[in-house]
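# Results of the structural survey
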Amino acid sequence: GPFLMPSLIRQLGGLDIELLEGDQRRLTESLISGETEIAVIYDNDLDERFDWQALSVLKPYVLMAEDHPMARQAEILPTELAAEPMVLLDAPPSSAYFTGILEAQGVEPLIAHRSASFEMVRGMVAHGLGYTLLCTKPASSMSYDGLPLVALPLAGDHALSQIVLAWRKGHALSSAAQRFAQKCREKFARA
């Protein structure tokens, strides 16, 4: 959200947008109830009540503090993480997705800390409290509170995640929602 929505809102100019932030559960509920018309969410556990369009495929990566002993590797094998403390992004469906990636490789993650806040997870990782798995596209250089972070590919074949536009099945989108959807497609096509 913080990497995508501010620039989209600015590009939409005079379009009156009421932004609803929340985890996957909250956004799904808002679509079902009609509180929101369209949402940018992950495709994980998206049910059949929605139509959706893929915007981007995301691959999991490992985020760790720059001074972590594995931070200079080209990639990280899931088995290398078995004895390392994990800081889990504990927001459904992310928590099950990330632990499932490791478990599919025979690794039982050693969860040291949990947070539903992306920023809290990044902060804990930056302060050396463990690694985390994420799927958002990492910036070329990252830091948190002045502490450098390193994003490394997670080696192997893993279930991929997608960012999608979702709306209630059979619901005709308003012209504002259609304009928002078009701007989302343009933004992800450039990325």
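Refer to the structure presented above.
Throughout, a residue's number is its position along its own chain's written sequence, starting from 1. Owing to the predicted nature of the model, reporting of local features is limited to residues with pLDDT of at least 70; listing and counting of side-chain atom pairs is limited to 80 or more, with chain, interface and lining totals taken over all residues. Side-chain measures were taken over the full set of non-hydrogen atoms in the model, leaving aside hydrogen atoms and water.

### Notes on the state of the cysteines
Defined by distance alone, a disulfide is two cysteine sulfur atoms within 2.5 Å. This structure, assessed with the given rule, holds zero disulfides. Counting only cysteine sulfurs, cysteine 184 is the nearest neighbor of cysteine 135, a cysteine outside any disulfide, at a range of 19 Å.

### Considerations on the sheet that holds strand β2 (residues 50-58)
Strand pairing is assigned whenever DSSP detects at least two bridges linking the two strands. Each helix is a run of H or I in the DSSP string that is no shorter than four residues. Each strand is a run of E no shorter than two, and both are numbered from the N terminus. The antiparallel open sheet is built from three strands, whose spatial order is β1-β9-β2. The outermost strands of the open sheet, each flanked by one partner alone, are β1 (39-42) and β2. Averaged over all pairs of adjacent strands, the angle between their axes in this sheet comes to 30 degrees, without regard to strand direction. As judged from the four bridges shared by β1 and strand β9 (residues 161-168), these two strands associate in the antiparallel manner. Counted as the bridge partner of tyrosine 42 is isoleucine 163 from β9. Working convention: axes come from line fits to C-alpha atoms, limited for helices to the stretch in contact. Angles between N-to-C directions cover 0 to 180 degrees.

### What to know about the environment of leucine 173
Its location among the elements puts leucine 173 in the loop between β9 and α5 (175-190). We call a residue buried when its accessible area falls under 20% of the maximum for its residue type, exposed when it is over 50%, and partly exposed in between, using a 1.4 Å probe and counting protein chains only. Residue leucine 173 is classed as buried on the basis of its relative accessible area of 18%. Leucine 173 sits 136 residues away from glutamate 37 along the chain, and the two C-alpha atoms are 7.1 Å apart.

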